[in-house]
Amino acid sequence: NMDTHIKIFSKESTDIKNKTTKYMKPKITFLNHSSFCIEDEEQITLVDPWYFGKIFNNSWSLLKDTDDSKINYSKLKYISISHEHPDHLHWATLKHIRQKTDNDLFIIYPKRNNPNVKEACEKLGYKFAYIDYFVETKITHNYSITAFPEGHDSALVYRVGDKVIVNQNDAYLNDNTLQYLKQMFPNIDLWLSQFSLAGYYGNSTDPETIKQNGTKWHMDKFLYYQDFLKPKMSVPFASYVYFCKQYNDYINDYAVDLNDIIKISKYPTQIPFYNQEISFDNTECNENNLHQWDLVMQESRGNVTPVSEFIGESTIISEIKKLYEEGYRVGKVILEFFDYSKNIFIDTDSNSYSFVEAAQTPSNLIAGKLPSEELLAYLKTPWGGDTLNITGAFLKKNPNLWTNFLMSRETLYKR
């Protein structure tokens, strides 16, 4: 119950308020990818912790696992999660963190209708609190969090003492929401935002489209938001990953260069590195950190995992039939495979599914081509449509059919 948790926070606020404590400037430490640590005298908050392991059907990997040995877990009180994607809400990491301390730990999460995340967190031994959108929610008397939605994602604003920290991560806010954020928080001390590719932007056979829709788009967005928010310090993050799977490693070739982000930035911009405190006012570590990231990226990106052997016709058809019983309706669509010579004809209008020879396939019904293991994940996992799009391990043949194919799965999962 959200009200219960807010009362708990309010009581804590009252208790702390009665102390005559002089508050220090919060210490912000970059951990990995989109994860950082907020620390003041009273507590530590971990933000979007993903420490290790591959995600999105084993298609994304951190450039390097997280060394959390310097985190003072005895001070940890809160974990703030921006949204459900596994590079922000990572279950194995949450299990790891829960074993580090006997403290009561609250997970703070933007409000959602489906209680599945709340229930799963509570099963791990966490307390859980929703926060409403567009409301500055007090956590303690000198600490608040505000959520701003964009689709399934959220930007989170932390006010700690007199510092305002905007964690935009990969929430590409529309102009109305952005304007509201700026009205609520006109003076932003620290702004952290995604800077590079995070999924499919074009077929691997069409590099110019990927450069335009992926590389250039992210640079333009970074510059647009930075220019609108005018932060005192900008930090590009939430992109320290690589696409680690056969059929999606092509995306790595189009990653935004951190050097280019520095060149286009109109405001002071800091490049963080692992376990490094983020400064509110200087960028003196940039040159060294750019060099360090180059070394990490060169070392990591050669490790590409091949896809498994063909899953099997009966397995795929069985999973489609199960999904049909859950309400899956895609109409008529044909899919090709990278790892199998036949195509699958899915027809939910008549609830019939069959594998057909490529030569017998009507080309106007072919949505795209993908590995069979990606189709299996799409069918078996509630968020399979979203995951498939983020892996980028496919070729679109008919964009409209492909979008319908993705959304037919995606709309079954209610957040």
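Residues numbered from 1 in each chain as written. Predicted model: local features only at pLDDT ≥ 70, side-chain atom pairs only at ≥ 80, totals over all residues. Heavy atoms only, no water.

(A) Highlighting the pattern of salt bridges. Taken as a whole and judged by the stated rule, the model has 21 salt bridges. Here aspartate 189 ties to lysine 163 by a salt bridge, and the two come within 3.9 Å at their closest N and O atoms. Remark: lysine 163 occurs in strand β11 (residues 163–169) and aspartate 189 occurs in the loop between α4 (175–184) and β12 (190–194); sequence separation between them is 26 residues. Each member of the pair aspartate 189 and lysine 163 is classed as buried. Residues glutamate 313 and lysine 342 are paired through a salt bridge, measuring 3.8 Å at the closest nitrogen-oxygen approach. Linking glutamate 313 in helix α8 (residues 313–325) with lysine 342 in the loop between β16 (332–337) and β17 (343–347), this pair joins segments that are 29 residues apart in sequence. (Salt bridge = Lys/Arg side-chain N within 4 Å of Asp/Glu carboxyl O. Helix = DSSP H or I, 4+ residues; strand = E, 2+ residues; numbered from the N terminus. Buried < 20%, exposed > 50% of the residue type's maximum accessible area, 1.4 Å probe, protein only.)

(B) Structural context of the sheet that holds strand β18 (residues 352–356). Strand order in the open sheet formed by five strands is β18-β17-β16-β19-β20, and the pairing between neighbours is mixed. Two strands in the sheet have a free side with no partner beyond their single neighbour: β18 and β20 (395–396). The strands that α8 touches are β16, β17 and β18; relative to β18, the one it contacts most, it runs at about 155 degrees. (Pairing = 2+ DSSP bridges. Contact = heavy atoms within 4.5 Å. Axes fitted to C-alpha atoms, helices over the stretch in contact; angles between N-to-C directions.)

(C) The sheet that holds strand β9 (residues 143–150), seen in detail. Judged by pairing direction, the sheet is mixed, and its six strands sit side by side in the order β8-β9-β10-β11-β12-β13 without closing on themselves. Since the sheet does not close on itself, it has two edges, and those belong to β8 (137–140) and β13 (234–237), each with one partner. With strand direction ignored, the average angle separating the axes of adjacent strands in the sheet is 20 degrees. Pairing of β11 with β12 involves four bridges; the strand directions are parallel. In the sheet register, asparagine 167 faces β12, and the bridge partner there is leucine 192. Set on the sheet, α4 makes contact with β9, β10 (153–160) and β11; between it and β9 the angle comes to about 165 degrees. Packed on one face of the sheet, helix α5 (residues 207–229) meets β11, β12 and β13 and runs near 160 degrees to β12.

(D) Inspection of the confidence of the model for the protein chain at higher detail. Overall, the predicted model of the protein chain reaches an average pLDDT of 94, with 94% of residues at or above 70. Residue range residues 1–8 is modelled with pLDDT below 50. Its contacts to residues more than four positions away, or to other chains, number ten contacts. Segment residues 10–21: pLDDT under 50, and 14 contacts once partners within four positions in sequence are set aside and those in other chains are kept. (pLDDT = per-residue confidence, 0-100.)

(E) Region of interest: the side chain of serine 80. As for its position among the elements, serine 80 is in strand β5 (residues 76–80). On the accessibility criterion, serine 80 (1% relative accessible area) is buried. At a separation of 2.7 Å, a polar atom in the side chain of serine 80 contacts the side chain of tyrosine 158. If near-sequence neighbours (up to four positions away) are discounted, serine 80 is found in contact with Thr45, Leu46, Val47, Asp48, Ile108, Ile145, Leu156 and Tyr158. (Polar contact = N/O pair within 3.5 Å; in protein donor to acceptor, adjacent residues only side chain to side chain.)

(F) Spatial organisation of helix α7 (residues 286–300). Between its first and last C-alpha atoms α7 spans 21 Å; for 15 residues at 1.5 Å apiece the expected length is 21 Å, and the two agree. Among all positions of α7, only Asn286, Asn289, Leu290, Trp293, Val296, Met297 and Ser300 are buried. Angularly, the buried residues of α7 cover 125 degrees about the axis, an arc narrow enough to put them on a single face. Set apart from the buried face of α7 by more than 90 degrees, the exposed residues are Glu287, Gln298 and Glu299. Buried residues along α7 sit in contact with β1 (27–32), β14 (241–243), α6 (258–264) and β15 (276–277). (Expected span 1.5 Å × (residues − 1). Arc of directions from axis to C-beta.)

(G) Representation of the environment of lysine 75 in the model. Its location among the elements puts lysine 75 in the loop between β4 (60–62) and β5. As for lysine 75 and arginine 159, which are separated by 84 residues in sequence, their C-alpha atoms are 19 Å apart. Excluding residues within four positions of it along the chain, lysine 75 makes contact with Glu39, Asp40, Glu41, Glu42, Gln43, Ile44 and Asn103. There is a polar contact of 2.6 Å between the side chain of lysine 75 and the backbone oxygen of aspartate 40.

(H) Structural detail: the nonpolar core. Tyr158, Trp293, Ile344, Leu375 and Phe405 are the most contacted members of the largest nonpolar core, which has 99 residues in total. In terms of nonpolar packing, the next biggest core, distinct from the first, is built from 21 residues, Ile97, Tyr109, Phe128 and Tyr130 among them. (Core = buried A, V, L, I, M, F, W, Y, C linked by side-chain atoms within 4.5 Å.)

(I) Quick look at unusual backbone geometry. For alanine 238, which is not a glycine, the phi torsion comes out positive at approximately 60 degrees. Position of alanine 238 relative to the elements: it lies in the loop between β13 and β14. Under the relative-accessibility criterion, alanine 238 is labelled buried at 4%. Positive phi outside glycine occurs at asparagine 351, with the angle close to 55 degrees. Mapping asparagine 351 onto the fold places it in the loop between β17 and β18.

(J) Representation of the side chain of serine 300 in the model. Here serine 300 lies in helix α7. Among the residues examined, serine 300 registers a relative accessible area of 9% and is labelled buried. A distance of 2.5 Å separates a polar side-chain atom of serine 300 from the backbone oxygen of leucine 63.

(K) The arrangement of the pairing of strand β2 (residues 35–39) in detail. Counting buried positions along β2 yields five of five residues, so the element is predominantly enclosed. Along β2, one buried face is formed by Ser35, Cys37 and Glu39 and the opposite face, lined by Phe36 and Ile38, is buried too. Pairing between β1 and β2: five bridges, direction antiparallel. Of the residues in β2, the one forming a bridge with isoleucine 28 is isoleucine 38. When β2 meets strand β3 (residues 44–47), the two strands line up antiparallel, connected through four bridges. Each bridged residue has a counterpart across the sheet, and for glutamate 39 the counterpart in β3 is isoleucine 44. In this structure, the hairpin formed by β2 and β3 is closed by a connection of four residues.

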